[in-house]
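Fold and geometry: a report
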Amino acid sequence: MAKVELKQPVIQEISENVDGAQSVVVVDYCGLTVEQDTQLRRELRAAGITYKVYKNTMMRRAFEGTDFASLDQVLEGPSAIAISKDDATAPARVLAKFAKTAPALEIKAGVVEGGFYDAAGMQAISAVPSREELLGKLLGSIQSPIANFARVISQIAEQGGAAATAAAEEAAAEAPAAEAESN
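Now for a description of the structure that goes with this document.

What counts as what
- Residues numbered from 1 in each chain as written.
- Predicted model: local features only at pLDDT ≥ 70, side-chain atom pairs only at ≥ 80, totals over all residues.
- Heavy atoms only, no water.
- Core = buried A, V, L, I, M, F, W, Y, C linked by side-chain atoms within 4.5 Å.
- Buried < 20%, exposed > 50% of the residue type's maximum accessible area, 1.4 Å probe, protein only.
- Helix = DSSP H or I, 4+ residues; strand = E, 2+ residues; numbered from the N terminus.
- Contact = heavy atoms within 4.5 Å.
- Pairing = 2+ DSSP bridges.
- Axes fitted to C-alpha atoms, helices over the stretch in contact; angles between N-to-C directions.
- Salt bridge = Lys/Arg side-chain N within 4 Å of Asp/Glu carboxyl O.
- Parallel < 35°, antiparallel > 145°, perpendicular 65-115°, else oblique.
- Nonpolar A, V, L, I, M, F, W, Y, C, P; charged D, E, K, R; others polar.

Regarding the nonpolar core
The biggest cluster of nonpolar side chains holds 23 residues, and the ones touching the most others in it are V27, L40, L95 and L105. For this core, the secondary-structure elements that each account for two or more residues are β1 (23–28), α2 (34–46), β3 (80–84), α4 (90–101), β4 (106–112) and α5 (119–126). In terms of residues, this core owes the most to one element, α4, which gives 7 residues. Residues contacting L40, with those up to four places away along its chain left out, are L32, Y51, L95, F98 and L105. Judged by nonpolar contacts, the second largest core, of 19 residues, contains I11, Y54, A62 and F68.

Next up, the structure:
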């Protein structure tokens, strides 16, 4: 069996993993302990991110003709890729957070929604909140004026109700006095 035949399934696997991906981040994992690597994989898996170590030549071949071909320039030395098909910023966020506790992990570069970003660009992307967080903030900002409006209306109704009750009590108090004067 030729070497090319052995490499083809690996290249196919990489191609399938990156097909339809919103983002792919390349990291240098050299220097991580087994415990750190296990923890990193666990966190990435929990976030729905595929994390794999492949040979650089295999990744180059799999990336040919895709948006991810721009990553070829950073495929030197030990490289692993983190792939997300759902949340474009998730890999950068999880990796950057993990790198704070494990400085040996280095983000080399990434492609997010078709655009290439170097290490500094990936750090900036890691600061972008997740889609769910952004939607939550949007919903909160929409609900806030509505909640404030409802509170004001409620207070007006309460004050109006209190004024009406006071007027009724005042009218009731004046009615017996008016009857006594007429007799």
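Overview of the sheet that holds β4
Pairing in this open sheet of 5 strands is antiparallel, and the strands run β2-β3-β1-β4-β5 from one edge to the other. Among the strands making up the open sheet, the edge pair consists of β2 (50–53) and β5 (115–118). In this sheet, neighbouring strand axes are inclined to one another by 20° on average, regardless of whether the strands run parallel or antiparallel. Judged from the 5 bridges that link them, β1 and β3 form a sheet pairing that is antiparallel. The residue of β3 that forms the bridge with S23 is S84.

Section: the pattern of salt bridges
Scanning all chains against the criterion turns up 3 salt bridges. Put simply, K52 and E13 hold a salt bridge, and the shortest N to O gap is 3.1 Å. Remark: E13 occurs in helix α1 (residues 3–18) and K52 occurs in strand β2; sequence separation between them is 39 residues. Its relative accessible area of 32% is what places K52 among the partly exposed residues. In this structure, the salt-bridge partner of R93 is D87, at a minimum N-O distance of 3.0 Å. Its relative accessible area of 16% is what places D87 among the buried residues.

Considering the packing of α4 against α5
Between α4 and α5, the shortest axis-to-axis distance is 8 Å and the interhelical angle comes to 100°. As summarised for this structure, α4 and α5 are arranged roughly perpendicular, according to the angle between their axes. On the side of α4, the interface is formed by A92, R93 and A96, while α5 contributes M122, Q123, I125 and S126. A per-class count over the contact of α4 with α5 returns 4 nonpolar, 2 polar and 1 charged.

Quick word on the pairing of β5
Taken together, the 4 bridges between β4 and β5 define a ladder with antiparallel strand orientation. Looking at the pairing, G110 lines up with Y117 of β5. Here β4 hands over to β5 after 2 residues, with E113 in that stretch at a positive phi of 50°.

Considerations on unusual backbone geometry
A positive phi angle, close to 50°, is found at E113, a residue other than glycine. Of note, E113 is situated in the loop between β4 and β5.

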